[in-house]
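Working through the structure, step by step
Here are the chains, one letter per residue:
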Amino acid sequence: MASQAATEPLLPKTFTDGLPVPKMLVFDLDYTLWPFWIDTHVQPPIRATVPGGFEIRDRSGRDLAFYPEVPGILRALQDKSVVVGAASRTSAPTLARRLLGLLQIPGPTSERDGAGDASSFFDHMEIYPGNKIAHFKQLQKKTGLAYEEMLFFDDESRNKNVEELGVVMYLVQAGVSRSEIDAGILSWRRRNGRTKREG
């Protein structure tokens, strides 16, 4: 069940240590932000079961929610000068976008204070079947950012092919968490030789 409690921002430690961070964080969806495959595990239609959209269920009664720390991370990133993107190769793009539009991220003091649908926490979304390289080419075109300024979180090692472009991919083991974000940023710093304070 999606949490109805307040969502405290969960800012990764790497955002406060004074060292460089990527200009863009990009997230896969399935088994990265939520614990299921949207195209095989979820039976549409999906709907909010309580006012405000904090509980989402599919036709079979399956509860649909992010991994526990994801809402707090997305809320914290909203206040930082980092671009947030989604890149998913799902064969159910309409359903994925529908779920992002239904899932609510509560405010920091109560479930109604500053709540917003999850899709509003993403600056860019590339959600459609195909190679992740195509997703990143579109993200680069839309943002104008260098690939080396992008960090990608995904649970499938085959998607490391985006590193051919210069993107750093971090392999998520059990869903995105604050510690996984920190580990990914540390990897990005090492790979790009940016382990010292800049400017």
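Whatever comes next refers back to the structure up there.
Remember, predicted model here, so these are calculated numbers, not experimental data. (Residues numbered from 1 in each chain as written. Predicted model: local features only at pLDDT ≥ 70, side-chain atom pairs only at ≥ 80, totals over all residues. Heavy atoms only, no water.)

**Looking at the overall build of the protein**
In plain terms, the rule: Working definition: helices are DSSP H or I runs of at least four residues, strands are E runs of at least two. Numbering for both runs from the N terminus. Computation of the radius of gyration draws on C-alpha atoms, with the globule rule given as 2.2 Å multiplied by the number of residues to the power 0.38. Only protein chains enter the area calculation, which uses a 1.4 Å probe; residues under 20% of their type maximum are buried, those over 50% are exposed, and those in between are partly exposed. Contacts are assigned to residue pairs that have any heavy atoms within 4.5 Å of one another. Methods summary: accessible areas were calculated by the Shrake-Rupley approach with a probe of 1.4 Å, and residue burial reflects only the protein chains presented. In this charge count, Lys and Arg are treated as positive and Asp and Glu as negative; neither His nor the chain ends contribute. In this description, the location of a charge corresponds to atom NZ of lysine, CZ of arginine, CG of aspartate or CD of glutamate.
Counting secondary structure elements, the protein contains four helices and 10 strands. When the helices and strands of the protein are read in sequence order from the N terminus, they spell out β-β-β-β-α-β-α-β-β-β-α-β-β-α. Its C-alpha atoms give the protein a radius of gyration of 16 Å, near enough to 16 Å, the size a compact globule of 199 residues would have. In the protein, buried positions account for 49% of the 199 residues. For the protein, restricting intrachain contacts to residue pairs at least 6 apart in sequence, the fraction spanning at least 24 positions comes to 68%. Summed over its atoms, the accessible surface of the protein is roughly 9000 Å², and 49% of this surface lies on carbon and sulfur atoms. When the 25 basic and 25 acidic side-chain charges of the protein are each reduced to a single mean position, those positions are 3 Å apart.

**Some points on the packing of aromatic side chains**
What counts here: Only the six-membered ring of Trp is used, alongside the rings of Phe and Tyr, when aromatic pairs are assigned; centres must lie within 6.5 Å, and planes under 30 degrees apart are stacked while those over 60 apart are edge-to-face, with the rest tilted.
Evaluation of the coordinates by the stated rule reveals six aromatic pairs. Aromatic side chains W34 and F36 sit 5.4 Å apart centroid to centroid with 10 degrees between the ring planes, which places their arrangement in the stacked category. Exposure class is identical for W34 and F36. Each is buried. Taking the centre distance of 6.0 Å and the plane angle of 65 degrees together, the rings of F153 and Y170 count as edge-to-face. Residue F153 is located in strand β9 (residues 150-154), and its partner Y170 is located in strand β10 (residues 168-171); the two are separated by 17 residues in the primary sequence. Clustering of aromatic rings is evident, with ring pairs tying together F27, F153 and Y170.

**Describing the environment of R75**
Spelled out, the test is: Distance and chemistry together define a polar contact, namely a pair of N or O atoms within 3.5 Å, with one atom able to donate a hydrogen and the other to accept it when in protein, and with adjacent residues in sequence counting only for side-chain atoms on both sides.
With respect to the element layout, R75 can be found in helix α1 (residues 70-78). Separated by 55 residues in sequence, R75 and G130 have C-alpha atoms that sit 29 Å apart. For R75, the side chain forms a polar contact with the main-chain oxygen of P106, separated by 2.8 Å.

**So, the nonpolar core**
Our working rule: By nonpolar core we mean a set of buried residues, namely Ala, Val, Leu, Ile, Met, Phe, Trp, Tyr and Cys, connected to one another through side-chain atoms within 4.5 Å.
One finds F27 and F66 to be the most contacted residues of the largest nonpolar core, which totals 43 residues. Broken down by element, the residue count for this core peaks at five residues, all from helix α2 (residues 93-102). Residue contacts for F27: discarding those within four places in its chain leaves L33, L77, V84, G85, A86, A87, F122, F152, F153, V176 and I181. Core analysis: the next-biggest nonpolar cluster, separate from the first, contains 14 residues, A87, F136, L145 and M150 among them.

**So, unusual backbone geometry**
A cis amide bond, omega 5 degrees, links P44 with the succeeding residue P45. With respect to the secondary-structure elements, P45 resides in the loop between β1 (24-27) and β2 (47-48). Of note in the backbone geometry, Y31 takes a positive phi value of approximately 60 degrees without being a glycine. Tracing the sequence through the fold places Y31 in the loop between β1 and β2.

**Digging into the sheet that holds strand β4 (residues 63-64)**
To keep it simple, the criterion reads: At least two DSSP bridges between two strands are needed for those strands to be called paired.
With antiparallel pairing, three strands are arranged side by side in an open sheet as β2-β3-β4. With partners counted over all chains shown, the strands left at the sheet margins are β2 and β4, one partner each.

**Structural notes on the sheet that holds β9**
Cut-off, in case you're wondering: Axis lines are fitted to C-alpha atoms, over the contacting stretch for helices. Their N-to-C directions set the angle, which ranges from 0 to 180 degrees.
The strand order across the open sheet built from five strands is β8-β5-β1-β9-β10, with neighbouring strands paired in parallel fashion. Strand pairing shows two members of the sheet lacking a second neighbour, β8 (124-127) and β10, which therefore form its edges. Each strand of the sheet is rotated relative to its neighbour by a mean of 20 degrees, with strand direction disregarded. Pairing analysis gives four bridges linking β9 to β10, with the strands arranged parallel.

**Digging into the pairing of strand β5 (residues 83-88)**
Within β5, five of the six residues are buried, which leaves it mostly tucked inside the rest of the structure. Where β5 and β8 come together, four bridges link them in parallel fashion. Across the sheet, residue G85 finds its bridge partner in β8, namely H124.

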